Amino acid sequence: MNNNLMNVGVLFSELDIKERTKIIAQQINKDYGTNETLVVLIVLHGALIFGADLVRNLEMPTEIETIRIKSYEGTASTGKINLVTPLPTSLAGKHVLIVEDIVDTGRSIHFLLNELAKSEAISLKVCSLLDKPEAHEFPVKADYVGFTISKNFVIGYGLDLNGKYRNLPYIANLTKA
Ligand code: HPA
Ligand code: MG
């Protein structure tokens, strides 16, 4: 994928992501154990692909839920977040792991944690494929992070630019040509 306006450079290959996903899953398996049910709440659309790969490495009884929020236009944050789908109603009394594609400003996860505070989940943790600490504007911290990256805009493996490029099997840096 290359055109006049953008350069892409692979940041994490398909294999890098696969190996890292396995390691995170092992840590989650260790932390939660194999007996209790874990609700994996995948934040659409960005965490669709990561979430699908992550759950296949989990060993406890797992329930998959999804939530759709909309928070970004292009490469800049608009500051607005909308819940496009209602929160799952079945979280009370369960361990819930929110799966995100990226903690950038932290606005999305901050918003979701606030919304889910009313859910009566026994525990609420966050697993994010990517973390951009230099971009944080909200005091949030993911419990599990795949890769820590710089402020650059990235695409692929679920992450989009205006809805496109989520299908790339790798994660790439996007820079103006
Ligand atoms: N890429 C794609 N989507 C995003 C990013 C990014 O770097 N940050 C927040 N949403
Ligand atoms: Mg996006």
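Small disclaimer: the values here were computed from a predicted structure and weren't measured. (Residues numbered from 1 in each chain as written. Chains lettered and ligands numbered in written order. Predicted model: local features only at pLDDT ≥ 70, side-chain atom pairs only at ≥ 80, totals over all residues. Heavy atoms only, no water.)

1. Side note on the site of ligand 1
Basically, it comes down to this: Summary of the distance rule: residues count as near a molecule or strand when at least one heavy atom falls within 4 Å of that molecule or strand. Under this definition, polar contacts are N or O atom pairs within 3.5 Å; protein pairs additionally need one hydrogen-donor-capable and one acceptor-capable atom, and for neighbouring residues in sequence, both atoms have to be side-chain atoms.
What surrounds ligand 1 is a group of eight residues, the closest being Asp-104, Lys-132, Phe-153, Val-154 and Asp-160. Between ligand 1 and Asp-104, the relevant distance is 2.7 Å, taken from a nitrogen atom to a side-chain nitrogen or oxygen of the residue. For ligand 1, an oxygen atom lies 2.9 Å from a polar atom in the side chain of Lys-132.

2. Quick notes on helix α2 (residues 48–55)
Note the threshold: Accessible area is worked out with a 1.4 Å probe on protein chains only. A residue is then buried under 20% of its type maximum, exposed over 50%, and partly exposed in between. Runs of E in the DSSP output that reach at least two residues are strands. Runs of H or I that reach at least four are helices, and both are numbered from the N terminus. This arc is taken over the directions from the axis of the helix to the C-beta atoms.
Every buried residue of α2 is accounted for by Phe-50, Gly-51, Leu-54 and Val-55. Projected down its long axis, α2 carries its buried residues within an arc of 120 degrees, all on one side.

3. A few points about the nonpolar core
A general tendency of soluble globular proteins is for nonpolar side chains to be buried together. Heads up, the condition is: What is meant by a nonpolar core is a set of buried Ala, Val, Leu, Ile, Met, Phe, Trp, Tyr and Cys residues, joined one to another through side-chain atoms within 4.5 Å. Residue contacts are defined here by distance: any two heavy atoms, one from each residue, within 4.5 Å place the two residues in contact.
In this structure, Ile-28, Val-99, Cys-127, Leu-129 and Leu-130 are the most contacted members of the largest nonpolar core, which totals 29 residues. Take this core: its biggest share by element is five residues, from helix α1 (residues 14–32). Among all residues touching Cys-127, those that are not within four sequence positions of it are Ile-24, Ile-28, Phe-50, Leu-54, Leu-97, Ile-98, Val-99, Glu-100 and Tyr-144. One finds Leu-41, Ile-69, Val-96 and Val-103 within the second-largest nonpolar core, a separate group that totals 16 residues.

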